[in-house]
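Here are the chains, one letter per residue:
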Number of protein chains: 2
Amino acid sequence: MLQEIVHKNRSYRRFYQDVPIKLETLRELADLARLSASAMNLQPLKYVLSCEPKRNAMIFPNLGWAAYLKEWKGPEEGERPSAYIIVLLDTQIGPSAGCDHGIAAQSILLGATEKGLGGCMIATINRKELSKVLNLEPHYEIVLVIALGKPKETVVIDKVGPDGSVKYWRDDQGVHHVPKRALDDIIVGE
Amino acid sequence: MLQEIVHKNRSYRRFYQDVPIKLETLRELADLARLSASAMNLQPLKYVLSCEPKRNAMIFPNLGWAAYLKEWKGPEEGERPSAYIIVLLDTQIGPSAGCDHGIAAQSILLGATEKGLGGCMIATINRKELSKVLNLEPHYEIVLVIALGKPKETVVIDKVGPDGSVKYWRDDQGVHHVPKRALDDIIVGE
């Protein structure tokens, strides 16, 4: 059931790096994005798929990880993503992605979750460097990077506490806690 | 399987208006949005749920339908949505929704599809009037309206033709055709 997949689809940032993801799997995930809604059906998004360790290693240093975890610089070698889907805006098609990349990324991550994988949408990107690494033509803008792998961490959903903080945090056991607002707090009319 | 749900989840604009959607169903769909990713986990989105015919009738005139179908002014009485989820940005939480509304809307529509419903994301909105109708406090901005109902039209995916047009169109039988780019045309590196 979708509810289970949505619940299981947490933002994971630590992976079993030695568990590979096949290119065919990435193509299947990109196909889910392809079949998802696009404003005015323009379909201005394009994708770079990466599952080669060497290429992944060139992508990784250009990504920002977990802004709230000040002491943590991102996953260490051995716990890094085994694949990436880089979401591009083709500015020759349209000037803006609107929220198409959110729609596409959600389809991709739900698909990944169903396959026993997990990942994280990353928007903190050294776009200039990553464009060079990927050898992108100048009409492509990087809008989002989706990191993928077999998750190596436990992520739990907490209620937002009395202080109202939504900052995720890690406990002593390395469990990643994510405070989510209650349903009644996000429904403002019914 | 998710692939089936994504494939079935087309943008529908004609519905069996007399098939009601329960408030509880809308709450379940909003809960899928609640459990989806949000940039910096800020969760700035709030929701108005509507399944009352009288309220729906006040929402409907503020929505723009199917820009490419010049001759069609939107669904006629009897084929209108039986429910709406209006997605708001709470500007007291954050200045921008980023692509959170895309993520949330995709979760909602995939959930609706699984339940045998369908819908459409609408961004052409008379925001000023709709804010009045919904009696919204000034710190809420309408970012998206999701129309929902039991679909009353057939939507098929076509390949983009040689002319490159992505404009959807309706044939003589009222079948709605949506040209989608081929997978190899949206993957620019692998």
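Residues numbered from 1 in each chain as written. Chains lettered and ligands numbered in written order. Predicted model: local features only at pLDDT ≥ 70, side-chain atom pairs only at ≥ 80, totals over all residues. Heavy atoms only, no water.

Residues Tyr47, Ile85 and Leu148 of chain A together with Tyr47, Ile85 and Leu148 of chain B are the most contacted members of the largest nonpolar core, which totals 70 residues. Each residue touching Leu148 of chain A, except ones within four places of it in the same chain, is listed here: Phe15, Ile21, Leu26, Leu29, Pro81, Ser82, Ala83, Ile85, Leu109, Ala112, Gly118 and Gly119 of chain A. (Core = buried A, V, L, I, M, F, W, Y, C linked by side-chain atoms within 4.5 Å. Buried < 20%, exposed > 50% of the residue type's maximum accessible area, 1.4 Å probe, protein only. Contact = heavy atoms within 4.5 Å.)

When pLDDT is averaged along chain A, the result is 97; 100% of the residues meet or exceed 70. For this predicted complex, the interface confidence score (ipTM) comes to 0.98, while the overall pTM stands at 0.98. (pLDDT = per-residue confidence, 0-100.)

All names here are of chain B. Positive phi outside glycine occurs at Met40, with the angle close to 55 degrees. Summarising the element assignment, Met40 is placed in the loop between α2 (23-34) and β1 (45-50). Here Met40 falls in the partly exposed class, since its relative accessible area comes to 42%. Even without a glycine there, the phi angle at Ala66 is positive, about 50 degrees. For Ala66, a relative accessible area of 8% gives the class buried. (Helix = DSSP H or I, 4+ residues; strand = E, 2+ residues; numbered from the N terminus.)

Applying the stated rule across the entire model yields four aromatic pairs over all chains. Ring centres 5.9 Å apart and planes at 35 degrees place the aromatic pair Phe60 of chain A and Trp65 of chain A in the tilted group. Residue Phe60 of chain A shares its accessibility class with Trp65 of chain A, and that shared class is buried. Judged by centre distance (4.8 Å) and plane angle (65 degrees), the rings of Tyr68 of chain A and Tyr168 of chain A are edge-to-face. Here Tyr68 of chain A, found in the loop between α3 (53-59) and β2 (83-90), pairs with Tyr168 of chain A, found in the loop between β5 (155-159) and β6 (169-170); they are 100 residues apart in sequence, far enough to count as distant. For Tyr68 of chain A, a relative accessible area of 17% corresponds to the buried category. Its end group placed over the ring of Trp72 of chain A, Arg170 of chain A keeps NZ or CZ at 4.1 Å from the ring centre. The aromatic ring of Tyr168 of chain B is capped on one face by Arg13 of chain B, whose charged end is 4.7 Å from the ring centroid. (Phe/Tyr/Trp six-rings, centres within 6.5 Å; stacked < 30°, edge-to-face > 60°. Lys NZ or Arg CZ within 6 Å of the ring centre and 35° of its normal.)

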